[in-house]
Amino acid sequence: MDLEVLQRILDGREKPTNLSFELLKNITENFSHDREIGHGGFATVYKGVLPNGNVAVKRIRNSHSINEALFYREVDSLLNIEHKNVVRFLGFCASTDQTAIQIEGSKQHIYAEVRERLLCFEYISNGSLQKYIAGTLLHPIYVADITYCLIILV
Ligand SMILES: Nc1ncnc2c1ncn2[C@@H]1O[C@H](COP(=O)(O)OP(=O)(O)OP(=O)(O)O)[C@@H](O)[C@H]1O
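Remember, predicted model here, so these are calculated numbers, not experimental data.

Draft legend 1. Main features of the overall build of the protein. When you go through the protein residue by residue, the secondary structure sums to four helices and eight strands. A buried classification covers 32% of the 154 residues belonging to the protein. Taking the contacts inside the protein whose residues are at least 6 apart along the sequence as the reference set, 51% of them involve residues at least 24 apart. Looking at the protein as shown, the accessible area adds up to about 9,500 Å², and 52% of this sits on carbon and sulfur atoms.

Laid out in structure tokens, this is it:
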């Protein structure tokens, strides 16, 4: 169900929306090392595979330390950007869970909050990036990373 929604968003038939952590985990093979495609200052980026194409899943590291308001501001901005030269935003995930950890040698538990913050974009392969860089495509590409105020213009 969730997978079909993301497929429709990737096809451009639906607007970006919130996505479940389970879905993003499944399409990246549990965020496996083999699916890692990059690292930025704040996130590890994974390739997600769908029946109709690939996506890039940006999983924010140390999501406890990121400013929540800033995360939602970025999501809000990304939801409003629609431009042929901007990497297409497909959705986001903001999940907060509690996990019980048993205290060693005791029957008591402590409860820890597990927070996941992820962003999903269309996947840009090396090949297509190189074409943009070499100027063989008609339009330049702009990769916007608004949360952290970084805009890469090629
Ligand atoms: N849409 C995408 N398609 C393919 N690869 C991507 C995509 N987005 C990011 N990557 C890969 O992941 C790497 C890290 O991405 P990015 O720099 O955006 O992460 P970040 O944590 O937001 O970084 P920072 O905010 O420090 O720039 C990129 O250099 C690139 O190799």
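Here the narrative resumes, following the displayed structure.
Draft legend 2. Broad picture of the UniProt feature "binding site: ATP" (unreviewed entry) in the protein. Feature annotation in UniProt assigns "binding site: ATP" (unreviewed entry) to the following positions: Lys58. Of note, lysine 58 is situated in strand β4 (residues 53-60).

Draft legend 3. Here's a closer look at the pattern of salt bridges. Going through the model one piece at a time under the given rule, you end up with eight salt bridges. A salt bridge links arginine 8 to glutamate 14, with the shortest nitrogen-to-oxygen separation between them at 2.5 Å. Residue class for arginine 8 comes out partly exposed when judged on its relative accessible area of 24%. Here glutamate 68 ties to arginine 115 by a salt bridge, and the two come within 3.9 Å at their closest N and O atoms. You can see glutamate 68 sitting in helix α3 (residues 68-80) and its partner arginine 115 sitting in strand β6 (residues 109-122), a full 47 residues away along the chain. What makes glutamate 68 partly exposed here is its relative accessible area of 25%.

Draft legend 4. The pairing of β6, seen in detail. Two strands pair when backbone bridges link them, and β4 and β6 are joined in this way by five bridges, in the antiparallel orientation. Across the sheet, valine 57 pairs through a bridge with cysteine 120, a residue of β6. As paired strands, strand β5 (residues 89-102) and β6 are joined by 13 bridges and run antiparallel to one another. Looking across to β6, one finds that glutamine 102 is bridged to histidine 109. In textbook terms, the turn of a hairpin is the stretch between consecutive antiparallel strands, and for β5 and β6 this stretch comprises six residues, one of which, glycine 105, has a positive phi near 70°.

Reading the values: the criteria
Residues numbered from 1 in each chain as written. Predicted model: local features only at pLDDT ≥ 70, side-chain atom pairs only at ≥ 80, totals over all residues. Heavy atoms only, no water. Helix = DSSP H or I, 4+ residues; strand = E, 2+ residues; numbered from the N terminus. Buried < 20%, exposed > 50% of the residue type's maximum accessible area, 1.4 Å probe, protein only. Contact = heavy atoms within 4.5 Å. Areas by Shrake-Rupley, 256 points an atom, 1.4 Å probe, with all protein chains shown as cover. UniProt positions renumbered as here; feature names shortened; annotations may be inferred. Salt bridge = Lys/Arg side-chain N within 4 Å of Asp/Glu carboxyl O. Pairing = 2+ DSSP bridges.

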